[in-house]
Amino acid sequence: WETAGSLDGGRRVWALARIPGVGNVEHADGRIDEHRRYMLATTAHDGSGALQVTPTFVRVVCQNTLNQATRGNKAGLRIKHTRLVIPNAEAALGTLRDSIGVTATFADAARALAVRPFTRIDMGHFAESLADRVIGKLAAQPTRRAVTMRTDRIEALVDLFERGVGNAGRDRYDALSAVTEWADHHAPTRGDTERIDSATFGALATWKHEALAMLNV
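Numbers given for residues are sequential positions, taken from 1 along each chain in its written order. The predicted nature of this model means local features are confined to residues of pLDDT at least 70 and side-chain atom pairs, given and counted, to a pLDDT of 80 or more, with totals for whole chains, interfaces and linings taken over all residues. Hydrogens and water molecules were not included; the side-chain quantities draw on all heavy atoms of the structure.

Visitor: For this particular structure, what's the right way to read empty space enclosed by the protein?
Guide: Any residue with an atom within 4 Å of a point lines the site, the site being either a cavity, points on a 1 Å grid over the protein atoms alone where a 1.4 Å probe fits but cannot get out, or a pocket, an open set with protein on both sides within 12 Å along at least 5 of 7 lines. Grid points are joined across faces, edges and corners, and a volume is the space filled by probe spheres set on the points. Overall, the coordinates contain 1 cavity of 30 Å³ or more when judged by the stated rule. In this structure, the largest cavity spans a volume of roughly 90 Å³. What lines the largest cavity is His35, Phe57, Val58, Arg59, Asn64, Thr65, Leu66, Phe106, Tyr173, Leu176, Ser177 and Thr180. In DSSP terms, a helix is any run of H or I states spanning at least four residues, a strand is any run of E spanning at least two, and both are numbered starting from the N terminus. Put simply, the parts of the chain that give the lining of the largest cavity at least two residues each are strand S6 (51-59), strand S7 (64-67) and helix H5 (172-186). No other element matches the 4 residues that H5 contributes to the lining of the largest cavity. For the lining of the largest cavity, the class distribution of residues is 6 nonpolar, 5 polar and 1 charged. Lys, Arg, Asp and Glu make up the charged group, whereas Ala, Val, Leu, Ile, Met, Phe, Trp, Tyr, Cys and Pro make up the nonpolar group; the residues left over, Gly among them, are polar.

What follows is the structure, encoded as structure tokens:
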């Protein structure tokens, strides 16, 4: 185990276990992104949530994260809190080992994105579509606040596409990295705890998962 922490006043705990090896992503322009592989374990002490173990990837240059708790993805484990949780966990180790193979699948997808050209104009259209998909299209008569919030998000994503840590604004992986960096480090929240929670399990995680789904087509 490499690191651990708690959320919601200790009601939910998490830990990251490092998986040996790296998954380097080489861009068409010669840049190389180093990625480390982890398994993210989360559970709730009050019994309200199952023990969940999920493959997770960290882009080393900026510490952006992307876990595989995406819609329809069956990688990882969920074990309900019962008196048999330890025997169940031991029996599930084989499935857990298999789920590690998901990290190789993600590395292949990332490499494919890194050689697919993407322009600033492409990024603008993508950011608008992503905002529509995650927070919905603007109403026929939107409030000024709604327009401002949406515009700020889109402009931030386009800026990070070109100027984010390790980015050059040249390919689809730069676009994905812009979204993960925004969600993990720049999106407005009420503090670090809320950011970690949202970027890993909540609304900000949805931005990352939807971005990967949209770009990986």
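On we go.
Visitor: Would you mind going over the side chain of arginine 195 with me for this structure?
Guide: Secondary-structure assignment places arginine 195 in helix H6 (residues 192-201). The contact criterion used is simple: two residues touch if any of their non-hydrogen atoms lie within 4.5 Å. Once you skip the residues sitting within four places of it in the chain, arginine 195 turns out to touch Trp182, Ala183, Asp184, His185, His186, Ala187, Thr189 and Leu204.

Visitor: What is the right way to read the pattern of salt bridges from this model?
Guide: Side chains bearing opposite charge may pair, as long as their charged atoms lie close to each other. Salt bridges, as used here, are contacts in which a Lys or Arg side-chain nitrogen is within 4 Å of a carboxyl oxygen on Asp or Glu. Under the criterion given, the structure shown has 14 salt bridges. For aspartate 29, the salt bridge is made with arginine 170, and the minimal N-O distance between the two is 2.9 Å. Note that aspartate 29 is positioned in the loop between strand S3 (25-26) and strand S4 (32-33) and arginine 170 in the loop between helix H4 (144-163) and H5, a separation of 141 residues in sequence. Of the charged contacts, one joins aspartate 108 and arginine 111 as a salt bridge, the two residues approaching to 3.2 Å between their closest N and O atoms. Placement of the pair is aspartate 108 and arginine 111 together in helix H2 (residues 93-114), with a separation of 3 residues, close to one helical turn.

Visitor: Would you mind going over the side chain of lysine 208 with me for this structure?
Guide: By secondary structure assignment, the location of lysine 208 is in helix H7 (residues 203-215). Of the residues examined, lysine 208 reaches a relative accessible area of 2% and is grouped as buried. Polar contacts, as used here, are pairs of N or O atoms within 3.5 Å; protein pairs need one atom able to donate a hydrogen and one able to accept it. Residues neighboring in sequence count only if both atoms are side-chain atoms. One polar contact links the side chain of lysine 208 to the main-chain carbonyl oxygen of alanine 199, over a distance of 3.0 Å. Apart from the residues lying within four places of it in its own chain, the contact partners of lysine 208 are Thr65, Leu66, Leu176, Val179, Thr180, Ala183, Asp184 and Ala199. The rule is simple: take the accessible area with a 1.4 Å probe, protein chains only, and divide by the maximum for that residue type; under 20% is buried, over 50% is exposed, in between is partly exposed.

Visitor: Could you clarify how one ought to interpret the nonpolar core in this entry?
Guide: General note: in soluble globular proteins, nonpolar side chains tend to be found buried as a group. Within the largest apolar cluster, 33 residues are counted, with the highest numbers of intra-cluster contacts made by Met123 and Phe126. At 7 residues, the largest contribution of residues to this core is made by H5. In this structure methionine 123 touches Phe118, Leu157, Val158, Phe161, Ala175 and Ala178, once residues within four positions along its chain are discounted. Definition used in this section: a nonpolar core is a set of buried Ala, Val, Leu, Ile, Met, Phe, Trp, Tyr and Cys residues joined via side-chain atoms within 4.5 Å. Listed in part, the 6 residues of the second largest apolar core include Trp14, Leu16, Leu40 and Val58.

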